[in-house]
Amino acid sequence: PLPAQGSLLYLDALHTAFPQALAPRGTALLSWAPGRPRAPAGWPLPTLYCTPAEAGALPSRAAALRVQLLFALQARALRVLEAGLAAELHDTLAALRAGWPELAQDLALGRLSPQPGLPEDARGRLQALLAPDAARAAELRAECARGFEGIVQRLWPQLEVVVVGTAHGAEQLYCDALRQADCKGLPFYCPFYWAAGALLGVNLWPEEPAPRFLLCPDWAFYEFLPCPAEEEPQTVLLGELWEGREYGLVLTAWPGEYRCRAGEVLRVTGFHKQCPVVEPVHRESQALSVRGESIPEERFYRSLCRAVGMWPGARLVDYICVESALLGASSGASAPHYEVFVELRGLRDLSEGQRYKLDQCLQEDFPIYKSFRFKGSIGPLRLHLVGVGAFARLREALGSPLPMPRVLREEGLLQLVQSTVIS
């Protein structure tokens, strides 16, 4: 549950930066919470949202996001587009690309078409909230026919900000993709910092591009381990932090008052009224390692983005990376290596030379990887292209609102990934 203080700080910061953001029915919510309607902003605010709570609680993730999108499209005067996860907004806009003619027809007729994962009784209740709008349907057709660069601001010209539940770690990929294309020109605001299931901080600076969070002392008991790790590590408390340094988070929080290493590394960027302001750096558990080289996920992502920049016309949609041992015989008989699966937009195939660019970038960015490659103890990286929409279908198969980790180790999902390879 979200503390009332956190909700009030968030709403105040949002209103201060974007004065029209709290307009009645001016916010559309895109978020899947199966079986339980989500209370946005910490408690039910029915006058703020144009999307009915029931739409987000449907049994199918794809159906929930499509229904919420239809209600959002009905409201031309949106001020805020809110998503529980950036991946949910990403997949919703992918559904718009693929199905805008059907969405326009539903808008024009004021209906909700039958679809998998949408029970008939729920469809009847939700359809009763729609009204025919031929003019809005015509506008949707015209804007989508022009292409999808900046489509969000074209469909909702009064939109001020995109609010996402998480903008770092695994979600950074989706935020970057949205900023570059569909949501071009719009600021992104990530209001809260969660770890180990507990709310720890709030972002008071909505207009800043990189999220940073004020740690609130009474929301949890915080301890910190200085990074890099010492031989005999000793935790320090909130009042003992130094600006510019990185720390591993040790947390004692409700419910249950458990004490654990949260697996998060934070950098202290400053102080606000004596309370530390932090930015998440990376998760300690998300790293690639076939020979003990330990390449953090977020640094691998930066190398991948650099390689994609060398492929003319390519835009990265999604990816995962695994150690070859997890693929068994299908990975070949070569030395242990990385297997990378990518979904691209704007490029249908890659030459061998282009594929090698990623291995080259890794060697340049990580001397230990280059050393292992030179010795032959790590084999050449193998890069595979997957079909359009493959990762969105995998997130649906997860049956969870959580995004698929970029460094993947679940065997069943690996088999699904391999079935989508096109080259």
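Our subject is the structure that appears above.
The following paragraphs examine the structure supplied in this document.

What counts and what doesn't
Residues numbered from 1 in each chain as written. Predicted model: local features only at pLDDT ≥ 70, side-chain atom pairs only at ≥ 80, totals over all residues. Heavy atoms only, no water. Buried < 20%, exposed > 50% of the residue type's maximum accessible area, 1.4 Å probe, protein only. Helix = DSSP H or I, 4+ residues; strand = E, 2+ residues; numbered from the N terminus. Arc of directions from axis to C-beta. Contact = heavy atoms within 4.5 Å. Pairing = 2+ DSSP bridges. Axes fitted to C-alpha atoms, helices over the stretch in contact; angles between N-to-C directions. 1 Å grid on protein atoms, 1.4 Å probe; cavity = no way out; pocket = protein on both sides within 12 Å on 5 of 7 lines; lining within 4 Å. Points joined across faces, edges and corners; volume = space filled by probe spheres on them. Nonpolar A, V, L, I, M, F, W, Y, C, P; charged D, E, K, R; others polar. Domains from an automatic or database assignment.

**Thoughts on helix 10 (residues 367-375)**
Working step 1: Residues Tyr369, Phe372 and Arg373 constitute the buried set of helix 10. End-on, the buried residues of helix 10 take up no more than an arc of 100 degrees, which puts them together on one face. Counted as exposed and oriented over 90 degrees from the buried face of helix 10: Pro367, Phe374 and Lys375.
Working step 2: At its buried positions, helix 10 is contacted by strand 13 (295-296), strand 15 (338-345) and helix 9 (352-365).

**Considering the sheet that holds strand 5 (residues 192-195)**
Working step 1: With antiparallel pairing, seven strands are arranged side by side in an open sheet as 5-6-7-11-10-9-8. The sheet is open, and its two borders are formed by strand 5 and strand 8 (221-227), each paired with just one other strand. Looking at each pair of strands side by side, their axes are set apart by 50 degrees on average, direction ignored.

**Observations concerning empty space enclosed by the protein**
Working step 1: Applying the stated criterion to the full structure yields three cavities of 30 Å³ or more.
Working step 2: What lines the largest cavity is simply His90, Leu93, Ala94, Arg97, Ala177, Leu178, Ala181, Asp182, Arg315, Leu316, Val317 and Arg345.
Working step 3: Sorting the residues of the lining of the largest cavity by element identifies helix 3 (86-109), helix 7 (172-180) and strand 14 (315-323) as the ones contributing at least two each.
Working step 4: No other element matches helix 3, which puts four residues into the lining of the largest cavity.
Working step 5: When the residues that make up the lining of the largest cavity are grouped by side-chain class, the tally is seven nonpolar, one polar and four charged.
Working step 6: Both domains that meet at the lining of the largest cavity, namely domain 1 (4-190) and domain 3 (287-419), each give it at least three residues.
Working step 7: Size it by volume and the second largest cavity reaches roughly 40 Å³.
Working step 8: In this structure, the second largest cavity is lined by Val164, Ala167, Arg179, Phe188, Tyr189, Cys190, Asn203, Pro206, Glu208, Pro209 and Pro211.
Working step 9: By residue class, the composition of the lining of the second largest cavity is eight nonpolar, one polar and two charged.

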